Amino acid sequence: MLTKKFVLIAIIITFFVPKMSMFAQDAGALLDLLVRKKLITDQEAEEVRAELTKEAATTSGGKWKLSSPITEIELYGDARLRYQYNGGQTGDNSPLARPANGVAGKDDWQERERERYRLRLGLRGTLVDDWFFGIRFETNTNPRSTNVTFGDDSGVNGPFSKDSDRINVGQAYLGYKGFKDVTLTVGRMPNPLVTTPMVWDPDINPEGLAEQWKHTYNFEFGGGEAPAAAESYGKEGGKGIIAPAASEPFKLKLDLFVNFAQFIYDDANPENPLGPRARNSAGAGAATHQTGQLIPNTDAFLLAWQAGARVTFPKNIFLQIAPTIYNYTGNGDTFNIHYQGGSPFVTNAASLAQNQTGINSLLVFDMPWEIGWKVGELPMHIFGDFSANLEADDRATAAGHPGFGDERYAYQVGAGVGQLKQKHDWQIDIAYQHSEQYALDPNLVDDDIFDGRQNMHGIIVRAGYALSDAVIFNVTWNYGWRINDNLGTGGTPIAIGINPLDQYQFFVADLNIKF
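Residues numbered from 1 in each chain as written. Predicted model: local features only at pLDDT ≥ 70, side-chain atom pairs only at ≥ 80, totals over all residues. Heavy atoms only, no water.

A word on empty space enclosed by the protein
Where empty space is left becomes clear once a probe the size of a water molecule has been rolled over the atoms. This structure, assessed with the given rule, holds three cavities of 30 Å³ or more. One number sums up the size of the largest cavity: a volume of about 90 Å³. Thr 90, Gly 91, Ser 94, Pro 95, Leu 96, Ala 104, Gly 105, Lys 106, Asn 348, Ile 498, Asn 499 and Pro 500 are the residues that line the largest cavity. In this structure, the second largest cavity encloses a volume near 70 Å³. Val 199, Leu 302, Tyr 326, Tyr 328, Val 364, Leu 440, Asp 441 and Leu 444 are the residues that line the second largest cavity. (1 Å grid on protein atoms, 1.4 Å probe; cavity = no way out; pocket = protein on both sides within 12 Å on 5 of 7 lines; lining within 4 Å. Points joined across faces, edges and corners; volume = space filled by probe spheres on them.)

With respect to the nonpolar core
In terms of nonpolar packing, the biggest core is built from 26 residues, with Trp 200, Tyr 265, Leu 302, Tyr 326 and Leu 440 touching the most fellow members. Elements with a contribution of two residues or more to this core: strand 10 (250–266), strand 11 (300–313) and strand 13 (324–329). Excluding its chain neighbours within four sequence positions, the residues that come into contact with Leu 302 are Trp 200, Ala 261, Gln 262, Phe 263, Tyr 265, Tyr 326, Asn 327, Tyr 328 and Leu 444. Ile 449, Met 456, Ile 498 and Phe 506 belong to the second-largest nonpolar core, a separate cluster that totals eleven residues. (Core = buried A, V, L, I, M, F, W, Y, C linked by side-chain atoms within 4.5 Å. Buried < 20%, exposed > 50% of the residue type's maximum accessible area, 1.4 Å probe, protein only. Helix = DSSP H or I, 4+ residues; strand = E, 2+ residues; numbered from the N terminus. Contact = heavy atoms within 4.5 Å.)

A closer look at the pattern of salt bridges
Under the criterion given, the structure shown has eleven salt bridges. Note that Asp 78 and Arg 118 form a salt bridge whose closest N and O atoms lie 3.2 Å from each other. Separated by 40 residues along the polypeptide, Asp 78 in strand 1 (residues 70–89) and Arg 118 in strand 2 (residues 109–127) bring together distant segments of the chain. For Arg 118, a relative accessible area of 9% corresponds to the buried category. Two residues, Asp 485 and Arg 482, come together in a salt bridge whose shortest N-O distance is 3.7 Å. In this structure Asp 485 comes out as partly exposed when scored by relative accessible area, which is 43%. A single salt-bridge network, built from bridges that share partners, covers Asp 78, Arg 118, Arg 120 and Asp 203. (Salt bridge = Lys/Arg side-chain N within 4 Å of Asp/Glu carboxyl O.)

Describing the pairing of strand 15 (residues 378–389)
As judged from the twelve bridges shared by strand 14 (residues 363–375) and strand 15, these two strands associate in the antiparallel manner. Pairing of Met 367 across the sheet is with Phe 386, part of strand 15. Turn length for the strand 14-strand 15 hairpin, with the two strands adjacent in sequence and antiparallel, is two residues, and the turn residue Gly 376 shows positive phi of about 70 degrees. For strand 15 and strand 16 (residues 409–418), the ladder comprises nine bridges, and the chain directions are antiparallel. Of the residues in strand 16, the one forming a bridge with Met 380 is Val 417. (Pairing = 2+ DSSP bridges.)

Considerations on the side chain of Ser 435
Its location among the elements puts Ser 435 in strand 17 (residues 426–435). Reaching out from Ser 435, the side chain makes a polar contact with the side chain of Gln 433 at a distance of 3.5 Å. In this structure Ser 435 touches Met 198, Tyr 409, Ala 410, Leu 440, Gln 454, Asn 455, Met 456 and Ile 483, once residues within four positions along its chain are discounted. (Polar contact = N/O pair within 3.5 Å; in protein donor to acceptor, adjacent residues only side chain to side chain.)

Focus on a nonpolar patch on the surface
A surface patch of nonpolar side chains, amounting to about 910 Å² of accessible area, comprises Trp 64, Leu 75, Leu 119, Leu 121, Ile 135, Phe 137, Ile 167, Val 169, Ile 513 and Phe 515. Counting only elements with at least two residues in the nonpolar patch, the list comes to strand 2, strand 3 (131–139) and strand 5 (167–176). The residue Val 169 is located in strand 5 in this model. Residue classification places Val 169 among the partly exposed residues on the basis of a relative accessible area of 48%. (Patch = residues over 30% accessible without salt bridge, like charges linked within 9 Å, V, L, I, M, F, W, Y side chains within 5 Å. Areas by Shrake-Rupley, 256 points an atom, 1.4 Å probe, with all protein chains shown as cover.)

Here it is in structure tokens:
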């Protein structure tokens, strides 16, 4: 039978240790404190600890057994069911190949309709001494997609096969927060940068190192003094003194942040091969005059340098900007052939065969921004991004188009209403995006927008409704057109095998479940 002292201790622990998942560890620390203060004896502490452990074991959270270095852990994930439509059209200024099945003609239209799913399941937590970690498993091996298509394996092992229904490591990282305002991360991590889908596909989890600094400043201007008291007269003729309330100060919150990243873009292996180093073959290097050139034996790195600010004014009005520089060190052994991006002056098959992934001559300035406010309780925002490749002249020349170095800009601007946080919330975003041929890294941009292509512009519409706190229904539609008819539409074709892609349409309907 519990003593009064035990009941008191249990009440105190329940008050200060509400999370059952960490109950035993935190309760033990509190019991040790009570023993040191001589409020209870060692024996009483052990009796309480035994009773609490027994009670916790009967709950779902108490069945978790955590090693002593773990101070907090979270199991999370999401599942999504998707209907997806992709459609693309060839131009009317490209030569025709000999007619055949699967060979593109002028103004030819290709369509794909797929039913798909994705699953992501992760663990993240904190460790003693300011360390943290994260692991996430997900479907699909593609870095820009976690989708699995229903029925796509039927030709391998019969219907309902599971060849593509595999689980892969999407995130695996370790971090440290022991320095004030600083976060250090290493591994395959969530993107540590402030970005937009124009530059980075949100499905990509880069690999390497990241260093982040963030500090918050709070300012107050004016206010504090009340005006002189005034006389007032009531209905009954009495006279009184009214003391006005002090005026509210103008409050301003400033978040300054700096994000640096060193991502390993391509690992050259081996760095010191046996015998003489390999050279580009005529088949690989002839189109860009790189035949016989030594294949690099050093790794390629993507370096990011970002500094930004978020200013929050009264009434939840905010402004955020995050100017960034991206530069590349080397091309690795995979990306050493120069980017071409396709051409409208050869057949579709020949255009697709041109290099679409080269990272040569990329020094990209990028500045994502956002302004938000509320009308009553309704959140609203305008957002955008602007990028310029400062080495576009060299990139265009290497691609065989020396007169098109001005095709260096990409920008996006849009507006949105609402937000998705709880049941019955809704949100609509509409944006225009313009990405020129030599502006961005074609390996990183969101493939849901214009099939991950460059030299495209158009409209993007997203809408969502929260059916419950955990279930959200979304639709996304975009329609794009080629910008410059004298160039291809560079980028690895994700869904549509057409280059140049003269017009493109994309639609998805998603049912998302978060847990």
